[in-house]
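For reference, the chains in residue letters:
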Amino acid sequence: MRSTLKASALALTAALAASTAFAGSHSLSGDLKIFLDTSNPAPRATMEAMIGRFQEMHPGLNIETTVIDREAYKTQIRNFLTADAPDVATWYAANRMRPYVEAGLFEDVSDLWAEPAIADNLASTKGAMTIDGKQWGVPYTYYQWGIYYRKDIYDQYGLSEPTNWDEMKSNCQTLLDNGVKCYTIGTKFLWTAGGWFDYLNLRTHGYDFHMEMAAGEVAWTDDRVRQTFANWRELIDMGGYVDNHQNYSWQEALPFMVNGDAAAYLMGNFAVAPLREAGLTDDQLDFYQFPAITDGVALAEDAPTDTFHIPANANNKEAAREFLRFVVSADEQTEINNGANLGQLPVNASASIDDDKFLEQGFAMLSSNSPGGVAQFFDRDYPAEMAAEAMQGFQEFMVFPDNLDDILARLEQVRERVYK
Amino acid sequence: MTTATLPDTDPPKRGWYKRNEIAVTPWLFLAPAILFFAVYVIIPIFQSFSISLYDWDGLGQAEYIGLGNYSELMNDRAFEVSLWNNLKWLVCYLLAIPAGLFIALFLNQTVTGIRIYKSLFFFPFVLSQVVVGLVFAWFYLPNEGLLSNMLAMIGLGPVNVLGDPKLATYGIILAGLWPQTAYCMILYLTGLNAVDPEQVEAARLDGAKGWKMLWYVIIPQLKPATFIAFVVTIIGALRSFDLISIMTNGGPFGQTRVLSFYMFEKALSEYGFRMGYGAAIAVVLFLIMLVFIAYFLLSMYREEKGH
């Protein structure tokens, strides 16, 4: 029953898509309002150049681009989606888009996903864009998470990239014995601690368990959750993290690594650019996948995906759809994700990866060494409220690990309310 | 026939406005202010009350839950922490008043270049709160900060003021006191200009000096300045938002939040989707403010009556 419904819906949307694609390829006109949250200089230039190319293809279209500060955008989106909607807006995948999907503020773009050009090439991110069996936007970039480390410091103390938990800890002990902290981190804005929880939980219990937790099916006071925290505590008790990390933002934690006070950083690939700018060469800086903790648990990764959506209240949805097609096309994906632009991974399987050792390693890791699955990130997979409380708890745990029982009891209370 | 006589007997016609001019005109002048005050202050207060009875994410359908948000507040430890922090702010922030008074007394003399000194002391008030917050955050930095270095010089260990849940709020309040003291100082400086020299002269002839002079002669004359200083300091304490946002972002683990910040986090921040809960916090904050508002209005009313 359900599959036939789905099939007929697919057929219908495909037919619709074909007709709009036909119309769209001829002449687009009117206004196209695009809202971007890519306010940092490099991404901003990339996006503006990309929109410029789209404009050249469609001279009849009057494109109006608004770039909003990345942090401010996160609160403004609620207002502009309801009051004065643009035709295209950036956002994030998975649970992060759920409130807007459920409020009916994002346009269902399953029709685009039924087109072969997208269906065949974007399969890997389809899950992240799907809620209730429909797709609500398209991705334009994603990036790997993992451990970026100072290869020169590891070499100096005869360490190699760890592949399991024991090696990870013994490496850390060696570093500590030599007065170097194992990991730098800045938890002032909390989410960095969410990255550590993601990886420790994914490695201790696997992707499925992590997602069951995200769906609210596991109590925070569950013994398996405690096991994850017990593993985490080993690193904390060793003194593996830099001191006073609750005072620093993630950027303010970078100098510890640049100065050699800390040897590694669990981060997204966006950390590479500032580390290079701070003077670290590619000989000094390297990357490894977060090592396995529990034997037999399939490795899974975090790879947050940034996305484009069409607001339900948009005026020029035809042009907006054409823009989405353009953004995910192989050529554009190759161009905007290369090292000179975003420096991240293209979402289109036919696009090519730039010649950059971190992108190559990240791509290899995500495409062939992440059998467990690909998660988005803690605050994108877990509902907003749960994520906010939990990340605050993680920060407290990292400073006062003895408060764990209290923290978990609190989070359990929140869980019972959030998922009711 | 009869119709012809009527116009002559009638008194000259006056318009409705002309007849009611005295009563209506003040209201006409007040109307714009009343309109804006109602639209932007009075009506939102009632809206907040009504939203606080709903479970609403700001986007979808609102669900009526009665006093559910308030009963949840009762058991919310983060709320309790915020409430206590508000109290700390209220009490500690009042230190700005005596501090401002003493600086004002100190500066109230005629020395060459006194205007420069006065402006220097007033300077922090001109700075944006964001700048004050940043400067103090750097001052407090655990290793690189000036404070840690100064403590190291006298042989004390480094202290992480903003990272320590017990100290952080006081650290932020201290940062807030810097500009607030300057504000109170300028209020007292103008107040001191209005002190009656004859009374001071008379007190001096009666043998009053030092503390007695200050307490019984000067301070009573500064009462209007003290009242204004009290009002702006209380408002400043309850408005403390920007410093917290800049210096700790409510952390470590939410220990420096105050009610206004907590409301923002719950309702409007990146992860905040609980409009009803945020509104409930706002209502509690409003009730606290109401105590002071009532007091201020009452004092002003008495003042008016006295004249």
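Parameters at a glance
- Throughout, residues of each chain are indexed from 1 in the direction in which the sequence is written.
- Here the convention is simple: chains get letters from A, ligands get numbers from 1, in the order in which they are written.
- Only residues with pLDDT of 70 or above have their local features reported here, since the model is predicted, and side-chain atom pairs are shown and tallied only from 80 upward, although totals for entire chains, interfaces and linings are computed over all residues.
- Strands here mean DSSP runs of E at least two residues long; helices mean DSSP runs of H or I at least four residues long; both are numbered from the N terminus.
- Both definitions apply: the radius of gyration is a C-alpha atom measure, and the globule rule equals 2.2 Å times residues to the power 0.38.
- Buried, partly exposed and exposed are defined by the number of other C-beta atoms within 10 Å of a residue's own C-beta, namely 20 or more, between the two limits, and 12 or fewer respectively, with C-beta atoms placed from the backbone.
- Here, residues touch in the contact sense if the C-beta positions derived from the backbone fall within 7 Å of one another.
- To define axes, lines are fitted to C-alpha atoms, for helices over the stretch in contact only, and angles between the resulting N-to-C directions are given on a 0 to 180 degree scale.
- To sort the angles, those under 35 degrees are grouped as roughly parallel, those over 145 as roughly antiparallel, those from 65 to 115 as roughly perpendicular, and the leftovers as oblique.
- Whether a crossing is left-handed or right-handed is set by the direction in which the near helix is turned from the far one by less than a right angle, anticlockwise for left-handed and clockwise for right-handed.
- The pairing criterion for strands is at least two bridges between them, as found by DSSP.
- The predictor rates its confidence in each residue with pLDDT, a number between 0 and 100.
- For the purposes of this analysis, a nonpolar core is taken to be any set of buried Ala, Val, Leu, Ile, Met, Phe, Trp, Tyr and Cys residues that are connected through C-beta atoms within 7 Å.
- Segmentation into domains, and thus their bounds, comes from an automatic or database assignment.
- By convention, orient the strands away from the viewer: a clockwise path from the first strand over the helix to the second makes the crossover right-handed.

### Quick notes on the overall build of chain B
- Each helix and strand counted, chain B has 15 helices and two strands in total.
- Relative to its length of 307 residues, chain B is extended, with a C-alpha radius of gyration of 27 Å against a globular reference of 19 Å.
- Split into buried and exposed, the 307 residues of chain B put 32% on the buried side.
- Within chain B, residue pairs in contact and separated by at least 24 positions form 67% of the contacts whose partners lie at least 6 positions apart.

### Quick notes on the overall build of chain A
- The number of helices and strands found in chain A is 20 helices and 13 strands.
- At 22 Å, chain A has a C-alpha radius of gyration in line with the 22 Å of a compact globule built from 420 residues.
- Referenced to the eigenvectors of the C-alpha coordinate spread, the extents of chain A come out at roughly 70 × 50 × 35 Å.
- Buried residues in chain A amount to 47% of all 420 residues.

### Some remarks on the packing of helix α9 (residues 168-193) of chain B against helix α12 (residues 223-238) of chain B
Residue and element names in this part refer to chain B.
- In contact at an axis separation of 9 Å, α9 and α12 are set at 165 degrees when each is read in the N-to-C sense. Relative to α12, the element α9 is oriented roughly antiparallel. Once α9 is placed against α12, the crossing between them reads as right-handed. Residues Gln180, Tyr183, Cys184, Leu187, Tyr188, Thr190 and Gly191 of α9 pack against Pro224, Ala225, Ile228, Ala229, Val232, Thr233 and Gly236 of α12.

### Regarding the sheet that holds strand β12 (residues 305-309) of chain A
Residues and elements named next belong to chain A.
- Here we have five strands laid out as an open sheet, ordered β2-β1-β3-β12-β6, and mixed in their pairing. Sheet topology places β2 (61-67) and β6 (138-142) at the edges, where each strand pairs with a single neighbour. Sheet twist, expressed as the average angle between the axes of neighbouring strands with direction ignored, equals 25 degrees.
- The pairing of strand β3 (residues 88-92) with β12 spans four bridges and is classified as antiparallel. Paired with Thr90 across the strands is Phe308, a residue of β12.
- Together, β1 (30-36) and β2 form the strand contacts of helix α2 (residues 41-57), whose direction differs from that of β2 by roughly 170 degrees.

### Points about the sheet that holds strand β9 (residues 262-268) of chain A
Residue and element names in this part refer to chain A.
- Strands sit in the order β8-β9-β7-β10 across an open sheet of four strands; the sheet is mixed. A single partner strand is all that each edge strand has here, and the edge strands are β8 (181-183) and β10 (285-288). Geometrically, the sheet is characterised by an average inter-axis angle of 25 degrees between neighbouring strands, direction not taken into account.
- One ladder, built from two bridges, connects β8 with β9; its direction is parallel. By the bridge assignment for β9, Lys181 is matched with Ala262.

### A few points about the interface of chain A and chain B
- The interface is formed by 21 residues belonging to chain A together with 20 residues belonging to chain B.
- Only α3 (70-82), α4 (98-102) and α19 (384-399) of chain A provide two or more residues apiece to the side of chain A that touches chain B.
- It is α19 of chain A that provides the largest number of residues to the side of chain A that touches chain B, a total of eight residues.

### Overview of the confidence of the model for chain A
- Considering every residue of chain A, the mean pLDDT works out to 89; 94% of them sit at 70 or more.
- In the model, residues 9-25 of chain A has pLDDT below 50 throughout and makes 17 contacts with residues more than four positions away in sequence or in other chains.

### Describing the nonpolar core
- In this structure, Val138, Tyr148, Ala264, Leu324 and Ala387 of chain A are the most contacted members of the largest nonpolar core, which totals 116 residues.
- In terms of residue count, α19 of chain A provides more of this core than any other element does, 10 residues in total.

### Overview of the packing of helix α5 (residues 96-107) of chain B against α12 of chain B
Residues and elements named next belong to chain B.
- For the pair α5 and α12, the least separation of the axes is 10 Å and the interaxial angle reads 135 degrees. With respect to each other, α5 and α12 are oriented oblique. Pair α5 / α12 crosses with right-handed handedness. Contact with α5, carried on its side by Ala96, Ile97 and Gly100, involves Thr226, Ala229, Phe230 and Thr233 of α12 and no other residues of that element.

### With respect to the pairing of β10 of chain A
Residue and element names in this part refer to chain A.
- Going residue by residue along β10, you find Leu285 and Phe287 tucked away on one face and Asp286 and Tyr288 left uncovered on the opposite face.
- Here strand β7 (residues 145-150) runs beside β10; their pairing, made up of four bridges, is antiparallel. Of the residues in β10, the one forming a bridge with Tyr148 is Phe287.

### Quick look at the domain arrangement of chain A
Residues and elements named next belong to chain A.
- Taken as a whole, chain A is organised into domain 1 (2-143 + 303-351) and domain 2 (145-302 + 375-418).
- Taken over C-alpha atoms, the centre of domain 1 sits 31 Å from the centre of domain 2.
- Of the residues lining the interface, 12 residues belong to domain 1; the matching set on domain 2 comes to 13 residues.

### Some details on the pairing of β2 of chain A
Residues and elements named next belong to chain A.
- Alignment of β1 against β2, held across seven bridges, turns out to be parallel. From the neighbouring strand, Lys33 faces β2, where its bridge partner is Glu64.
- For the crossover from β1 across α2 to β2, the handedness is right-handed.

### Concerning the confidence of the model for chain B
- Model confidence for chain B is summarised by a mean pLDDT of 89, while 96% of its residues fall at 70 or above.
- In the model output, the complex is listed with pTM 0.84 alongside ipTM 0.81.

### Digging into unusual backbone geometry
- Notably, Asp132 of chain A is not glycine yet its phi reads approximately 55 degrees, a positive angle.
- Checked against the element boundaries, Asp132 of chain A lands in the loop between β4 (130-131) and β5 (134-135).
- Positive phi, close to 40 degrees, is recorded for Phe253 of chain B, a residue that is not glycine.
- Among the structural elements, Phe253 of chain B can be located in the loop between α13 (242-247) and α14 (259-267).

### Examining the environment of Ala94 of chain A
Residue and element names in this part refer to chain A.
- With respect to the helices, strands and loops of the structure, Ala94 is situated in the loop between β3 and α4.
- When the C-alpha positions of Ala94 and Gln376 are compared, they lie 7.0 Å apart, and in sequence the two are 282 residues distant.
- Dropping the residues within four chain positions of it, Ala94 is found in contact with Ala128, Gln376, Arg380 and Asp381.

### Overview of the environment of Thr204 of chain A
- Counting through the fold element by element, Thr204 of chain A comes out in helix α10 (residues 191-205).
- Residues Thr204 of chain A and Phe287 of chain A, spaced 83 residues apart in sequence, show a C-alpha to C-alpha distance of 21 Å.

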